[in-house]
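Below are the chains, spelled out letter by letter.
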Amino acid sequence: MGRLAAIRWLFSSQQGASDRLIARWIVLRALGLIYFSAFFSLVLQIRGLIGPHGILPASEYLQAVARSLGPFSRLWFAPTLLWLASGSHMLLAICWAGMAAALLVALNLWPRAALAVCFVCFLSFVSAAQDFSGYQSDGMLLEAGFLALFFAPGGLRPGLGRTSPPSRASLFLLQWEWFRIYFESGLVKLLSGDQEWRHLTAMDEYYQNGPLPTWVGWYVQHLPHWFHVSTAFATLALELGIVWMLFLPRRWRILCFLIVTPWELGVIFTANYTFLNYLVLTLGFLLLDDTFFLRWLPWIKHRLSPAAAPSEEEAPVRTEDAPSMPISGVRRRLSAAGTAISAILLTWAFYATTAELVRMAIRGFPLPAEPIMALEPFRIANQYGLFAVMTHGRYEIEFQGTRDGRNWTTYPFRFKPQELNKAPGIYAPYQPRFEWNLWFASLGPWQQNLLVPRTEERLLENDPQVLALFASNPFPGSPPIEVRAVLWQYWFTTLQQKRETGNWWRRVLVGIYAPVLGREENGRIGVVFMPEELPPHD
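### Some remarks on the overall build of the chain
Helices and strands together make up the secondary structure of the chain, namely 22 helices and six strands. Its C-alpha atoms give the chain a radius of gyration of 25 Å, within 12% of the compact-globule value 24 Å for 538 residues. Expressed along its principal axes, the backbone C-alpha trace of the chain runs to roughly 80 × 60 × 50 Å. Within the chain, the proportion of its 538 residues that are buried is 52%. A separation of at least 24 residues holds for 74% of the contacts in the chain among residues at least 6 apart in sequence. Of the accessible surface of the chain, which amounts to about 24,700 Å², a share of 63% is contributed by carbon and sulfur atoms. Treating the 44 positive side-chain charges of the chain as one cloud and the 39 negative ones as another, the clouds have centres 10 Å apart.

So, in structure tokens, the structure goes:
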């Protein structure tokens, strides 16, 4: 096979993997729904997060970037449409455009163009959201969304896309992302030296200490200790061993799918990790070929024409074997150019992700870093590593206000644990980014989490966009004269405590987390009280 033939075989959809049409259809529909969930959660929060009067305004961040970098460098460092405008209308326009495009993807209408809109809109938010977009899940979605541009069929209503099967390179890189999410997460657990993973005690309080627990997790937490030891071992076995079945023959890949899919469902019900587990669950379908679906889901045959997908009796109909229509020289050149661009970008992404994995496993391994750094702003070639070190307690930041300096009233959250008798819910794939960030902030000092004092400032102003991030405003008439953030430690109640009190939680006050802010006589906001450093908590 010559070089050009090999390039076409890898990167051209005309010679793509025609035995993955059903799997691709499922993955792209699910990806559209995941994108929709991401934009839906943003449209309700984005103004309070990064709006002009939000907690961390995008306009202030972009102005700081513009002062530090040149006119072209800043566009690469922060690739976002918010350079055009960063007001509330632009923020909402990005969200609504992303939601509309996500629906088109889910409905299989012009999927390639719709995926491009989704990617640009979500990247525009992530690039300007600062602390509110530092999650691995955002990188996972952007990486999958970028690769899907080459994976999706062309056309307005492509159906299964039999005339443009997925290129082998895009299929492999999506499988590669799925593999790296698992394997790199297992690798960091070993490399971190965390004793809880080494002693298989990491799951003992996992369900309690995560960002947003669920009521299912409450019950699982009370299972016997041997169960938690077993799940800790199973986690390491799955992440470091079972996922290698991806590279084995077909039967092993099917077995791998049958193992990881129930596992992901268990994670979804016992913890709220936004759309992360839904995305990993979705990518797992790429372990399967069309023959599997036709054998185990025979009703699909009634929705397919006989030639639309391979049956067990006949070999897959390959695009290159089908009669081809003559195309003009311009279309030939465009097709060749598209294949060349795909080859360059996908090879670049593969090198960057592989180099990240090698450097994680072998620190200091001499590999060119410039191609990796160049892609970092786009979050399409990421290094993953979930739960490298387990948290040892559950801490919650709570905002309180007062009108007299003595009686403090709590600002109620929408999703976070707060009321002791309120069952923790299942909210994923919805992502309450403000409350999610507060969980991370609770594990460190306020000096490293300036969103907390910035929130206090906005509450002193009764800012409606920031107040919309809470369940309600306890000071509807006029703002409080002082606002503070206190830190609590939470625990699940025991089974006996739950029976006696009906409470799901118990808690103890740790102390004041951040400076107490108040409004001075001249109208300015100042520090009323500077708290002492809190004892270590992580």
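Further notes follow.
### A closer look at the pairing of strand β6 (residues 525-529)
Judged from the four bridges that link them, strand β5 (residues 516-519) and β6 form a sheet pairing that is antiparallel. Residue pairing in the sheet places Val 516 in a bridge with Phe 529 of β6. Linking two consecutive strands that pair antiparallel, namely β5 and β6, is a turn of five residues; a positive phi of about 95° is found at Gly 523 within it.

### Quick notes on the side chain of Ser 133
Structurally, Ser 133 can be placed in the loop between α7 (111-128) and α8 (136-151). Beyond its immediate stretch of four places on either side in the chain, Ser 133 contacts Phe 125, Val 126, Asp 138, Arg 379 and Arg 433.

### Examining α8
The end-to-end C-alpha distance of α8 is 22 Å, a good match for the 22 Å that 16 residues give at a rise of 1.5 Å each. Buried residues dominate α8, accounting for 15 of its 16 residues.

### Structural notes on the packing of aromatic side chains
Taken as a whole, this structure holds 48 aromatic pairs when the rule is applied. Ring centres of Phe 39 and Phe 122 lie 5.9 Å apart, and the angle between their planes is 85°; this geometry places the pair in the edge-to-face category. On the criterion of sequence distance, the pair formed by Phe 39 in helix α2 (residues 21-43) and Phe 122 in helix α7 is long-range, its members being 83 residues apart. With respect to burial, Phe 39 and Phe 122 carry one shared label: buried. Sitting above the plane of the Trp 83 ring, Arg 74 keeps its charged end 4.8 Å from the centroid.

### Side note on unusual backbone geometry
Each neighbour pair has its own omega, and for Ala 428 with Pro 429 the value is 15°, a cis peptide bond. Position of Pro 429 relative to the elements: it lies in the loop between β2 (409-410) and α19 (433-441). Even without a glycine there, the phi angle at Gln 130 is positive, about 55°. Along the polypeptide, Gln 130 turns up in the loop between α7 and α8. For Phe 387, which is not glycine, the phi torsion reads 55° and is therefore positive. Along the chain, the position of Phe 387 falls in the loop between α18 (370-375) and β1 (394-402). By relative accessible area, which is 29% here, Phe 387 ends up partly exposed.

### Some remarks on the packing of helix α6 (residues 88-106) against α7
The axes of two packed helices give the description: the angle between them and the distance between them. α7 packs onto α6 with a crossing angle of 150° between their chain directions and a minimal axis gap of 8 Å. Accordingly, the angle class assigned to the pair α6 and α7 is roughly antiparallel. For α6 against α7, the interelement crossing comes out left-handed. On the side of α6, the interface is formed by Ile 94, Ala 97, Gly 98, Ala 101, Ala 102, Leu 104 and Val 105, while α7 contributes Pro 111, Ala 114, Leu 115, Val 117, Cys 118, Cys 121 and Ser 124. In terms of residue class, the contact of α6 with α7 is made up of twelve nonpolar, two polar and no charged.

### Some thoughts on the nonpolar core
Across soluble globular proteins, nonpolar side chains show a tendency to be buried alongside one another. Membership of the largest hydrophobic core comes to 148 residues, with the highest contact counts inside it found for Trp 178 and Phe 399. A total of twelve residues in this core trace back to one element, the largest contributor, which is helix α9 (residues 168-191). Setting aside anything within four residues of it in sequence, one finds Trp 178 in contact with Val 243, Leu 246, Cys 256, Val 260, Val 280, Leu 283, Gly 284 and Leu 287.

### Remarks on the packing of helix α14 (residues 250-270) against helix α15 (residues 276-283)
The contact between α14 and α15 brings their axes to 9 Å, and the two run at 170°. Considered as vectors, α14 and α15 are oriented roughly antiparallel to each other. Within the contact between the two elements, α14 uses Thr 261, Glu 264, Leu 265, Val 267 and Ile 268 and α15 uses Asn 277, Tyr 278, Val 280 and Leu 281. Tallied by class, residues from the contact of α14 with α15 come to six nonpolar, two polar and one charged.

### Some details on the pattern of salt bridges
Here the structure, examined in full by the defined rule, presents eleven salt bridges. Across the pair Arg 180 and Glu 184 runs a salt bridge whose closest N-O atoms are separated by 3.8 Å. In this pair, Arg 180 and Glu 184 both sit in helix α9, four residues apart, roughly one turn of the helix. You can call Arg 180 buried: its relative accessible area is 0%. Each of Glu 143, Arg 180 and Glu 184 takes part in salt bridges that share partners, so that together they form one network.

### Some remarks on a nonpolar patch on the surface
On the surface, Trp 215, Tyr 219, Leu 265, Phe 269 and Ile 426 cluster together into a nonpolar patch covering about 470 Å² of accessible area. Listed by contribution, the elements that provide at least two residues to the nonpolar patch are α12 (215-221) and α14. Tracing the backbone shows Tyr 219 in helix α12. For Tyr 219, a relative accessible area of 42% puts it in the partly exposed group.

### Section: the confidence of the model for the chain
Per-residue confidence for the chain gives a mean pLDDT of 92, with 94% of residues at or over 70. In the model, residues 306-325 has pLDDT below 50 throughout and makes 31 contacts with residues more than four positions away in sequence or in other chains.

### Describing the state of the cysteines
Put plainly, a disulfide is one covalent bond tying together the sulfur atoms of two cysteines. The full count for this structure, using the stated rule, is zero disulfides. In this structure Cys 118 is a free cysteine whose sulfur lies 7.2 Å from that of Cys 121, the closest cysteine sulfur available.

Parameters and conventions
Residues numbered from 1 in each chain as written. Predicted model: local features only at pLDDT ≥ 70, side-chain atom pairs only at ≥ 80, totals over all residues. Heavy atoms only, no water. Helix = DSSP H or I, 4+ residues; strand = E, 2+ residues; numbered from the N terminus. Rg over C-alpha atoms; globule rule 2.2 N^0.38 Å. Buried < 20%, exposed > 50% of the residue type's maximum accessible area, 1.4 Å probe, protein only. Contact = heavy atoms within 4.5 Å. Areas by Shrake-Rupley, 256 points an atom, 1.4 Å probe, with all protein chains shown as cover. Lys, Arg positive; Asp, Glu negative; His and termini not counted. Charge placed at Lys NZ, Arg CZ, Asp CG, Glu CD. Pairing = 2+ DSSP bridges. Expected span 1.5 Å × (residues − 1). Phe/Tyr/Trp six-rings, centres within 6.5 Å; stacked < 30°, edge-to-face > 60°. Lys NZ or Arg CZ within 6 Å of the ring centre and 35° of its normal. Axes fitted to C-alpha atoms, helices over the stretch in contact; angles between N-to-C directions. Parallel < 35°, antiparallel > 145°, perpendicular 65-115°, else oblique. Left-handed = near helix turned anticlockwise from the far one by under 90°. Nonpolar A, V, L, I, M, F, W, Y, C, P; charged D, E, K, R; others polar. Core = buried A, V, L, I, M, F, W, Y, C linked by side-chain atoms within 4.5 Å. Salt bridge = Lys/Arg side-chain N within 4 Å of Asp/Glu carboxyl O. Patch = residues over 30% accessible without salt bridge, like charges linked within 9 Å, V, L, I, M, F, W, Y side chains within 5 Å. pLDDT = per-residue confidence, 0-100. Disulfide = S-S within 2.5 Å.

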